[in-house]
Amino acid sequence: MVEVRHRRNHAVAGLGLVLSSILIGMGATQALVKISGPAFSVDLLKKIGITLRSSGSFGTDSQTTAILLACAALIALCGLSLLVTRIRYLGLLWRLGGLVGVALPAVFGYWYWQFIQNPTATLEASNTSIVEKIAGTIGDLTRGVVWNVTPTTGLYFLSAGVACGLISLLVPAGRKEVPVWTEQNSGLTPPPYAGYGSTS
């Protein structure tokens with residue numbers, strides 16, 4: 001007796017999450033923004049988790065980098081688990097884990113894009129008392145000062161990784177019908193190969 005069973009295939013979502021983890025990891029280890037304009041104290045940017053990487057280029061500080069890499073590792077683990085998962089409802093568990101891993105990089109990415117759009121407002125919102133201690137008065141420091149802040153490769157990688165992860169999580173699982181031979185109430189032996197006894 002042949003019984004047809006339905007198995008789920010999460011290969012597309014799994015591969016997408018693995019790619020997402022690679023992109024987020026690359027973004028976390030590279031410069032995110034490039035800043036040019038009037039001189040300022042680098043300590044100001046530490047309040048929003050940005051530190052100097054090279055001349056004029058800034059990336060995430062060590063703590064933020066570690067968090068992003070941990071998220072990338074979680075996304076990769078969930079993606080690889082999806083590739084081998086065939087059990088119903090277990091794929092949903094890995095997708096939820098992937099969503100948790102993508103959420104934090106998405107928040108960081110949004111914050112950095114906001115900094116690019118309006119750097120002075122972002123600095124003002126960080127911690128007024130610390131800023132005043134470093135540079136006198138926040139009004140003299142930020143208001144009326146124009147910095148040119150542009151994204152670099154790292155931020156593009158980070159944003160692409162987040163987008164790839166979110167899209168992958170929305171990809172539905174494929175379904176595959178697998179014939180399984182059962183001997184229940186039959187007393188017969190399974191056919192020697194698939195398609196045995198069929199006429200075409």
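What counts and how
- Residues numbered from 1 in each chain as written.
- Predicted model: local features only at pLDDT ≥ 70, side-chain atom pairs only at ≥ 80, totals over all residues.
- Heavy atoms only, no water.
- Helix = DSSP H or I, 4+ residues; strand = E, 2+ residues; numbered from the N terminus.
- Expected span 1.5 Å × (residues − 1).
- Buried < 20%, exposed > 50% of the residue type's maximum accessible area, 1.4 Å probe, protein only.
- Patch = residues over 30% accessible without salt bridge, like charges linked within 9 Å, V, L, I, M, F, W, Y side chains within 5 Å.
- Areas by Shrake-Rupley, 256 points an atom, 1.4 Å probe, with all protein chains shown as cover.
- Salt bridge = Lys/Arg side-chain N within 4 Å of Asp/Glu carboxyl O.
- Axes fitted to C-alpha atoms, helices over the stretch in contact; angles between N-to-C directions.
- Parallel < 35°, antiparallel > 145°, perpendicular 65-115°, else oblique.
- Left-handed = near helix turned anticlockwise from the far one by under 90°.
- Contact = heavy atoms within 4.5 Å.
- Nonpolar A, V, L, I, M, F, W, Y, C, P; charged D, E, K, R; others polar.
- Core = buried A, V, L, I, M, F, W, Y, C linked by side-chain atoms within 4.5 Å.
- Polar contact = N/O pair within 3.5 Å; in protein donor to acceptor, adjacent residues only side chain to side chain.
- Phe/Tyr/Trp six-rings, centres within 6.5 Å; stacked < 30°, edge-to-face > 60°.

### Describing helix 3 (residues 62-84)
For step 1, the next point in the chain: Taking 1.5 Å as the rise per residue, helix 3 with 23 residues should run 33 Å; its terminal C-alpha atoms sit 34 Å apart, in good agreement.
For step 2, the next point in the chain: Looking only at helix 3, the buried set comprises T64, T65, L68, C71, A72, I75, A76, C78, G79, S81 and L82.

### Section: a nonpolar patch on the surface
For step 1, the next point in the chain: Taken together, the side chains of L92, L96, L99 and L166 present a nonpolar region at the surface, about 360 Å² in accessible area.
For step 2, the next point in the chain: When residues in the nonpolar patch are grouped by element, the largest group, three residues, is from helix 4 (residues 90-117).
For step 3, the next point in the chain: Using a relative accessible area of 51% as the deciding quantity, one classes L92 as exposed.

### Thoughts on the environment of A31
For step 1, the next point in the chain: Within the secondary structure, A31 sits in the loop between helix 1 (11-28) and strand 2 (33-36).
For step 2, the next point in the chain: Classification of A31 by relative accessible area gives buried; the value is 18%.
For step 3, the next point in the chain: Sequence separation of A31 and I50 is 19 residues, and the distance between their C-alpha atoms is 9.4 Å.

### Overview of the packing of helix 3 against helix 4
For step 1, the next point in the chain: Viewed as axis vectors pointing N to C, helix 3 and helix 4 meet at an angle of 150°, and their least axial separation amounts to 8 Å. By the angle between their axes, helix 3 is roughly antiparallel relative to helix 4. Here helix 3 and helix 4 pass one another in a crossing that is left-handed. Contacts between helix 3 and helix 4 involve T64, I67, L68, C71, L74, I75, C78, S81 and L82 from the first element and G91, W94, R95, G97, G98, V100, G101, V102, L104, P105, F108 and Y112 from the second.

### Things to note about the packing of helix 1 against helix 3
For step 1, the next point in the chain: Taken N-terminus to C-terminus, the directions of helix 1 and helix 3 make an angle of 165°; their axes are 7 Å apart at the nearest point. With respect to each other, helix 1 and helix 3 are oriented roughly antiparallel. Seen along the crossing, helix 1 lies across helix 3 with a hand that is left-handed. Note on element contacts: helix 3 touches helix 1 through T65, L68, L69, A72, I75, A76, C78, G79, L80, L82 and L83, opposite A11, A13, G14, L15, L17, V18, S20, S21, I24, G25 and A28.
For step 2, the next point in the chain: Of the residues assigned to the contact of helix 1 with helix 3, the class counts are 16 nonpolar, six polar and no charged.

### So, helix 8 (residues 153-170)
For step 1, the next point in the chain: When the terminal C-alpha atoms of helix 8 are compared, their 26 Å separation across 18 residues agrees well with the 26 Å that a helix rising 1.5 Å per residue should span.
For step 2, the next point in the chain: Three or more residues of helix 8 are buried, namely G154, L155, L158, G161, V162, C164, G165, S168 and L169.
For step 3, the next point in the chain: Looking at the buried positions of helix 8, the neighbouring elements they touch are helix 1, strand 2, helix 3, helix 4 and strand 5 (148-151).

### A word on the nonpolar core
For step 1, the next point in the chain: In this structure, V33, Y112 and L155 are the most contacted members of the largest nonpolar core, which totals 24 residues.
For step 2, the next point in the chain: Where this core is concerned, the elements lending two or more residues are helix 1, strand 2, helix 3, helix 4 and helix 8.

### Description of the side chain of T64
For step 1, the next point in the chain: The topology assignment puts T64 in helix 3.
For step 2, the next point in the chain: Look at T64 and you get buried, because its relative accessible area is 7%.
For step 3, the next point in the chain: Polar contacts involving the side chain of T64 include one to the side chain of D61, which spans 2.6 Å.

### Here's the deal with the packing of aromatic side chains
The way to describe two aromatic rings as a pair is by their centre distance and the angle between their planes.
For step 1, the next point in the chain: Enumeration according to the criterion identifies two aromatic pairs in this entry.
For step 2, the next point in the chain: Ring centres of F108 and Y112 lie 6.4 Å apart, and the angle between their planes is 20°; on these two criteria the pair is classed as stacked. Of this pair, F108 and Y112 both sit in helix 4, four residues apart, which is roughly one turn of that helix.
For step 3, the next point in the chain: Taking the relative accessible area as the measure of exposure, F108 reaches 19% and is therefore buried.
For step 4, the next point in the chain: Judged by relative accessible area, Y112 falls into the buried class, the value being 1%.

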